[in-house]
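Inside the fold
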Amino acid sequence: AEIHRVDPAPVLMTVLGWSPTDPVDFGWFEAPAAARLANGVALLRRIGLVEADGFRLTERGARVVSWPLHPRWSVVVDDALDRGLRREAMEAAAVSEGREVLRDASELEGRVDAGDLEVRAAAVFGAPGLPLNRGAAAEARRVLKQLERWVPSVRGHRQSEGGLARALLAGFPDRVGRVQGGDVA
């Protein structure tokens, strides 16, 4: 069953929104392994969507539970709202949530002018330049239109140092590393 293969975090957000109790006790048709559920809840806690003790959604979790995004991307977009970067975050989420939007992602190799997300978003939503996978680009545009309806217009107006990168850290804190003496730590 798919529930045994996919990331449990999105379905856990929905389940905890319905019933803020231990998801092991939820009436699953086919229950995922307890360890997978625990890992999913741990992620949701780490990114601030579920309270540290118990299973209630935080204020942010309740705000984003209905957004059509993976919980990580919901956190990125929500954090970006405070930074005045709504559009940039929604575009990054839209190109990341689906299939590869570039026809040939090897076009990005060696580029140092912008991050992958910015290049992909610009290719789909901005100035054309890189060849696109038309179906995936159309899908990203549909996701962006959905987000424009679901995500509040503006909450913040400040452009903070670090911009979208800081918002990405909020949703992906476990995907950060640093180089120490030639090794990634």
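Residues numbered from 1 in each chain as written. Predicted model: local features only at pLDDT ≥ 70, side-chain atom pairs only at ≥ 80, totals over all residues. Heavy atoms only, no water.

**Describing the packing of helix H5 (residues 86–97) against helix H7 (residues 134–150)**
What counts is decided by this rule: Every axis in this analysis is a line fitted to C-alpha atoms, fitted for helices over the stretch in contact. Angles between the N-to-C directions lie between 0 and 180 degrees. Runs of E in the DSSP output that reach at least two residues are strands. Runs of H or I that reach at least four are helices, and both are numbered from the N terminus. Angle categories: roughly parallel below 35 degrees, roughly antiparallel above 145, roughly perpendicular from 65 to 115, and oblique for all the rest. Rotating anticlockwise by less than a right angle from the far helix to the near helix defines a left-handed crossing, while the corresponding clockwise rotation defines a right-handed one. We call two residues in contact when some of their heavy atoms are within 4.5 Å. Each residue is assigned to one of three groups, with Ala, Val, Leu, Ile, Met, Phe, Trp, Tyr, Cys and Pro labelled nonpolar, Asp, Glu, Lys and Arg labelled charged, and all others, Gly among them, labelled polar.
Relative orientation of the contacting elements H5 and H7 amounts to 140°, with a least axis distance of 8 Å. Put simply, H5 runs oblique to H7. The handedness of the crossing between H5 and H7 comes out as right-handed. Contact with H5, carried on its side by Arg 86, Arg 87, Met 90, Glu 91, Ala 93, Ala 94 and Val 95, involves Ala 140, Val 143, Leu 144, Leu 147 and Glu 148 of H7 and no other residues of that element. When grouped by side-chain class, the residues that make up the contact of H5 with H7 number eight nonpolar, no polar and four charged.

**What to know about the side chain of His 70**
In this structure, His 70 sits in the loop between helix H3 (59–64) and helix H4 (71–82). The contact partners of His 70, leaving out residues within four places of it in the chain, are Asp 7, Ala 9, Pro 10, Leu 43 and Glu 97.

**Side note on the packing of H5 against helix H6 (residues 116–125)**
Where H5 contacts H6, the two axes come as close as 9 Å, and the packing angle between them is 90°. As summarised for this structure, H5 and H6 are arranged roughly perpendicular, according to the angle between their axes. Residues Glu 91, Ala 92, Ala 94, Val 95 and Ser 96 of H5 pack against Leu 117, Arg 120, Ala 121, Val 124 and Phe 125 of H6. Across the contact of H5 with H6, the residue classes tally to seven nonpolar, one polar and two charged.

**Details of the nonpolar core**
To keep it simple, the criterion reads: Within this scheme, the nonpolar core is defined by two criteria: the residues are buried Ala, Val, Leu, Ile, Met, Phe, Trp, Tyr or Cys, and they are joined through side-chain atoms within 4.5 Å. Classification of residues uses two cut-offs on accessible area relative to the type maximum, computed with a 1.4 Å probe and protein chains only: under 20% is buried, over 50% is exposed, and between them is partly exposed.
In this structure, Leu 44 and Val 77 are the most contacted members of the largest nonpolar core, which totals 48 residues. Put simply, the parts of the chain that give this core at least two residues each are helix H1 (9–18), helix H2 (34–46), H4, H5, H6, H7 and helix H8 (163–171). The contacts of Leu 44, once residues within four sequence positions are left out, are Ala 9, Leu 12, Met 13, Leu 16, Leu 49, Val 50 and Pro 71.

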